[in-house]
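Coordinate inspection notes
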Amino acid sequence: MDQMIRPETMKRITTPALAQSFIDEQIAEIRAQVGDKKVLLALSGGVDSSVVAALLIKAIGKQLVCVHVNHGLMRKGESEDVIRVFREGLDANLIYVDATDRFLALLAGVSDPEKKRKIIGGEFIKVFDEEAAKLSGIEFLAQGTIYPDILESIKAKESGKPVKSHHNVGGLPEDMKMALVEPLKFLYKDEVRVVGEALGLPHGMVYRQPFPGPGLGVRCLGAITRDRLHALREADAILREEFDNCGLAQSVWQYFISVPDMKSVGVKNGARYEGWPAIIRAVNTVDAMEATIEEIPYPVLHKITQRITTEVPGINRVLYDLTPKPTGTIEWE
Ligand code: XMP
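Counting of residues starts from 1 at the beginning of each chain's written sequence and follows it residue by residue. Restriction of local features to residues with pLDDT of at least 70 applies here, the model being predicted, together with a cutoff of 80 or more for giving and counting side-chain atom pairs; totals for whole chains, interfaces and linings are based on all residues. Each side-chain value is derived from all of the structure's non-hydrogen atoms; neither hydrogens nor water enter the calculation.

**Looking at unusual backbone geometry**
Note the threshold: Strands are runs of DSSP state E lasting at least two residues, helices are runs of H or I lasting at least four, and both sets are numbered from the N terminus onward.
Residue Pro-326 follows Lys-325 across a cis peptide bond; omega there is -10°. Assignment of secondary structure puts Pro-326 in the segment after β10 (315-320). The phi dihedral of Asp-91 is positive, around 55°, even though this residue is not glycine. The topology assignment puts Asp-91 in the loop between α3 (78-89) and β3 (93-98). Although it is not a glycine, Ala-288 sits at a positive phi angle of roughly 70°. Relative to the helices and strands, Ala-288 resides in the loop between β8 (271-284) and β9 (292-293).

Written out as structure tokens, the structure reads:
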């Protein structure tokens, strides 16, 4: 990375007009850097990679090749959104890889969270590399690196600890021959969002809550099974829908469902019915180091419980986790 420190003269991007001038500058820079060559981007659908994709599409159109790897651990509708927004809306050169079966086969029977993370991160790189190898003439790799990632890397270097990999899934191969394109590297998250809106990305994509790289893999607690993963995805979709409906989606930092590998006895239509509990987590934080619990109004909790227990096969109870961080981490795994 050549220039590591944000230039002092750079204004904070807080308005659509400032975003537009940033976009214009970046388009000129990207064109000068890339020329008529091709650029590859792993498009997860997260805020940073989505904004980079939209910016590069403006700058170089079909010279950008986006690869979206669906590891089967996305939330409901997320991969479909990526396809709709980028392929259909922005006419992107988008390769969609449904690698669900590969990931779930590797994860079968694995219950240790760190092993699960390693498998998901490693396999993600493998699938991405396989797709890249099928392409020819790619000379650049675009990344959604943002300024806090760089600051963390610098801090880690200065403290003598190994440089923290700031990538969501895995790190870069050491023998990588492609040059990097990182147009957001001096932006803070709030600036990335302003730029994303100025580029015309949907509000929901730009203001998406943080979502871990291993996705639902660390929320389907213990060894992942397809039926429990399906129940988790459906329950999570209901939680998100109800948070949207009552306005909590705009104010709560992170909210999601986890489903443990544990059943309890219940009744349904007069018969004994063993099912999993869905555990709600809804937290507020500044930097994810400490977190407090959102006080969800009781009627909202009641409605979510009622919907999940009637609409989601396999779930017979809903629990609300009231533990702040510390002592609980935000994720259960
Ligand atoms: P914890 O559970 O450590 O989470 O309190 C803090 C924040 O980090 C997210 N998180 C992850 N993000 N890969 C990621 O990209 C991961 O493996 C991972 N684990 C946790 C978590 O969602 C929360 O926002």
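On we go from here.
**Digging into the pairing of strand β6 (residues 254-258)**
How we decide: Burial classification: accessible surface area is computed with a 1.4 Å probe over protein chains only, and a residue below 20% of its type maximum counts as buried, one above 50% as exposed, and the rest as partly exposed. Strand pairing requires that DSSP identify at least two bridges connecting the strands.
β6 sits mainly inside the fold: five of its five residues count as buried. The alternating pattern of β6 places Gln-254, Phe-256 and Ser-258 on one face and Tyr-255 and Ile-257 on the opposite face, and all of these are buried. Here β6 runs beside β8; their pairing, made up of five bridges, is antiparallel. Pairing of Phe-256 across the sheet is with Arg-281, part of β8.

**A word on the pairing of strand β4 (residues 138-142)**
Taking burial as the measure, the five residues of β4 include four buried ones, the bulk of the element. Sheet topology note: the strand β1 (residues 38-42)/β4 ladder contains four bridges and is parallel. The partner of Leu-40 across the bridge, within β4, is Leu-141. As paired strands, β4 and strand β5 (residues 179-181) are joined by three bridges and run parallel to one another. Bridging from a neighbouring strand, Ala-142 pairs with Val-181 of β5.

**Considering the packing of helix α2 (residues 47-60) against helix α7 (residues 189-198)**
Any two packed helices are characterised by how steeply their axes cross, that is the angle between the axes, and by the distance between the axes. Heads up, the rule is: Every axis in this analysis is a line fitted to C-alpha atoms, fitted for helices over the stretch in contact. Angles between the N-to-C directions lie between 0 and 180 degrees. Should an angle fall under 35 degrees it is called roughly parallel, over 145 degrees roughly antiparallel, and 65 to 115 degrees roughly perpendicular, with every other angle called oblique. The hand of a helix crossing depends on one turn: near helix anticlockwise from the far one by less than a right angle means left-handed, and clockwise means right-handed. We call two residues in contact when some of their heavy atoms are within 4.5 Å. Ten residues, namely Ala, Val, Leu, Ile, Met, Phe, Trp, Tyr, Cys and Pro, are considered nonpolar, four, namely Asp, Glu, Lys and Arg, are considered charged, and the remaining ones, Gly among them, are considered polar.
Running from N to C, α2 and α7 point in directions that differ by 40°, and their axes come no closer than 10 Å. The orientation of α2 with respect to α7, classified from their angle, is oblique. When the axes of α2 and α7 are compared, the crossing they make is left-handed. On α7, the residues that touch Val-47, Asp-48 and Val-51 of α2 are Lys-189, Val-192, Arg-193, Val-195 and Gly-196. Partitioned by chemical class, the residues of the contact of α2 with α7 number four nonpolar, one polar and three charged.

**Things to note about the sheet that holds β4**
One open sheet holds the five strands; their spatial order is β3-β2-β1-β4-β5, and the pairing between them is parallel. Unpaired on one side and paired on the other, β3 and β5 mark the two borders of the sheet. Here the strands of the sheet are splayed against their neighbours by 30° on average, with no regard to which way each runs.

**Comments concerning the packing of aromatic side chains**
The cut-off we apply is this: Aromatic pairs are defined between Phe, Tyr and Trp rings, using the six-membered ring for Trp, whenever the two ring centres lie within 6.5 Å; interplanar angles under 30 degrees are classed as stacked, those over 60 as edge-to-face, and all others as tilted. Remark: a charge is flagged as sitting over a ring if the NZ atom of Lys or the CZ atom of Arg is within 6 Å of the ring centre and within 35 degrees of the ring normal.
Scanning all chains against the criterion turns up three aromatic pairs. With a centroid separation of 5.8 Å and 75° between ring planes, the pair formed by Tyr-147 and Phe-186 is classed as edge-to-face. Residue Tyr-147 is located in helix α6 (residues 147-158), and its partner Phe-186 is located in the loop between β5 and α7; the two are separated by 39 residues in the primary sequence. Of the two residues, Tyr-147 and Phe-186, both sit in the buried class. Summarising the aromatic geometry, the rings of Phe-243 and Tyr-255 are spaced 4.6 Å apart at their centres and angled 25° between planes, so their arrangement reads as stacked. Taken as a pair, Phe-243 in helix α9 (residues 226-246) and Tyr-255 in strand β6 lie far apart in primary sequence, 12 residues in all. Here Phe-243 falls in the buried class, since its relative accessible area comes to 0%. Under the relative-accessibility criterion, Tyr-255 is labelled buried at 7%. Each member of the aromatic cluster is reached from another via a ring pair, and the members are Tyr-147, Phe-186 and Tyr-188. Between Arg-75 and the ring centre of Phe-211, over which it is positioned, the NZ or CZ distance is 4.1 Å. Directly above the ring of Trp-276 sits Lys-263, whose terminal nitrogen or CZ lies 5.0 Å from the centroid.

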